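Understanding the architecture of this molecule
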Amino acid sequence: MKLATFTHAGRTAVGRVGDDARVSDLSQVVGDRTLLQVIDDWEDLGPAIAAADALTVVTGPRLCAPIQEPRSLYAVGKNYRDHVQEFGRSGYDHPNRSTDIPPVPVVFSKMPTSVTGPYDDIDPHPDLTSELDYEAELAVIIGHGGRGIHRKQALKHVWGYTIINDVTARDLQRQGQQWTISKSLDTFAPMGPWAVTADEVGDPTQLMVTSHVNGEPRQKAPVADLIFDIPQLISAISAGITLQAGDIIATGTPAGVGIGFTPPRFLAAGDVVECAVTGLGSLRNTVGNPT
Ligand code: MG
């Protein structure tokens, strides 16, 4: 199933997305719950949502991030080999310009306040950065939480998947020597366009991650190319941190980001960034004008 969070007529609600991308209002099944609360109660609500019929199709919904306020939003740096190379060469991986494959997953967090909708503008924050970059990523949504999750059990803890653009202020990333601020400015986590349940996705290693800027292809790689795969990421994060339902893990970005070019190709006002993953739809965000 594909589930979305939408606003319509001043109300925010959860909907089921059909194969024709039309959104049906699930309020009669889930009440006023958010999608995060629906995932909390998935054992009861999942079958009811799947069985629901005679739902009202919403005319002209505005799609929001499927989970607007995740409890935790993890992300993973340097998780595709070609991107490790381009990032090291770029000099932005201050201070060591390393092109070595990381020995363990490079996990960081994006603040949940950075989340924005699948078609919303990206705020370019011109007072803080002049080096705005994009990173298309497959994102994992946790269902059953837990700590000490073994990699062999890890996929049982995955509720579903979505897409995140891990927008980054490269100058802040280089200056800060760690990544929280540079990747957490408001609107730096476009998410969606909806969440797709794990049973519908099947084997995530079969998915392809792509991005385009103003229609020009920039990134394209199979999820099978991840250095640390999804079970390894869940195992590594949960070793000492309790994962909770609705937590999100952005799994890393392939080569082809702006700093992979010489000279770098940063985003500018009016640029349109599209990030897509097979079967999950696509994000389409315009870099807004400085305000
Ligand atoms: Mg990233």
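Owing to the predicted nature of the structure, the values given are computational and were not obtained by experimental measurement.

Structural notes on the overall build of the protein chain
When helices and strands are tallied, the protein chain shows seven helices and 17 strands. In terms of overall dimensions, the protein chain has C-alpha extents of about 55 × 45 × 30 Å along its principal axes. Of all 291 residues assigned to the protein chain, the portion counted as buried reaches 55%. In the form shown here, the protein chain has an accessible surface area of approximately 12,400 Å², with 48% of it arising from carbon and sulfur atoms.

Observations concerning the side chain of S238
Assignment of secondary structure puts S238 in helix α7 (residues 230-238). Overall, S238 belongs to the buried group, its relative accessible area being 0%. With sequence-adjacent residues up to four places away left out, S238 is seen in contact with G146, R147, G148, I149 and L243.

Side note on empty space enclosed by the protein
Counted according to the given criterion, the structure contains one cavity of 30 Å³ or more. The calculated volume of the largest cavity comes to roughly 60 Å³. At the level of elements, β5 (73-77), α4 (81-90) and α5 (170-176) are the ones that each hand at least two residues to the lining of the largest cavity.

Things to note about the layout of surface pockets
As a volume, the largest pocket reaches approximately 210 Å³. Lining the largest pocket are 14 residues, with T34, L35, L36, Q68 and E69 sitting closest to its centre. Grouping the amino acids of the lining of the largest pocket by side-chain chemistry returns six nonpolar, five polar and three charged.

Section: the coordination of the magnesium ion
E135 (OE), E137 (OE) and D166 (OD) make up the full set of protein donors to the magnesium ion, lying at 2.0 to 2.1 Å. Mapping the donors of the magnesium ion onto the primary sequence gives the spacing E-x1-E-x28-D. With E137 in strand β9 (residues 136-142) and D166 in the loop between β10 (158-165) and β11 (168-169), this residue pair connects regions lying 29 residues apart in the sequence. Judged by relative accessible area, E137 falls into the buried class, the value being 0%. Under the relative-accessibility criterion, D166 is labelled buried at 0%.

Overview of α7
Buried within α7 we find I230, P231, L233, I234, I237 and S238. Down the axis of α7, the sector holding all buried residues measures 160 degrees, keeping them to one side. In the core, the buried residues of α7 are packed alongside β5, β6 (106-110), β9, β10 and β15 (248-250).

Topic: the domain arrangement of the protein chain
When the domains of the protein chain are assigned, the result is domain 1 (2-64) and domain 2 (73-286). One C-alpha centre belongs to domain 1, the other to domain 2, and the line joining them spans 26 Å. On the side of domain 2, 19 residues touch domain 1, which itself brings 14 residues to the contact. Counting each side, the surface lost to burial between domain 1 and domain 2 is near 1,200 Å², with a carbon and sulfur contribution of 66%. Considering only the surface of domain 1 that becomes buried against domain 2, K2, I39 and L63 emerge as the three largest contributors, covering 48% of it. Our enumeration of links across domain 1 and domain 2 arrives at two salt bridges. A salt bridge links R62 to D120; the nearest nitrogen and oxygen atoms lie 3.3 Å apart.

What counts and how
- Residues numbered from 1 in each chain as written.
- Predicted model: local features only at pLDDT ≥ 70, side-chain atom pairs only at ≥ 80, totals over all residues.
- Heavy atoms only, no water.
- Helix = DSSP H or I, 4+ residues; strand = E, 2+ residues; numbered from the N terminus.
- Buried < 20%, exposed > 50% of the residue type's maximum accessible area, 1.4 Å probe, protein only.
- Areas by Shrake-Rupley, 256 points an atom, 1.4 Å probe, with all protein chains shown as cover.
- Contact = heavy atoms within 4.5 Å.
- 1 Å grid on protein atoms, 1.4 Å probe; cavity = no way out; pocket = protein on both sides within 12 Å on 5 of 7 lines; lining within 4 Å.
- Points joined across faces, edges and corners; volume = space filled by probe spheres on them.
- Nonpolar A, V, L, I, M, F, W, Y, C, P; charged D, E, K, R; others polar.
- Donors = N, O, S within 2.8 Å, 3.2 Å for Na, K, Ca; no water.
- Arc of directions from axis to C-beta.
- Domains from an automatic or database assignment.
- Buried area = accessible area lost by both parts, 1.4 Å probe.
- Salt bridge = Lys/Arg side-chain N within 4 Å of Asp/Glu carboxyl O.

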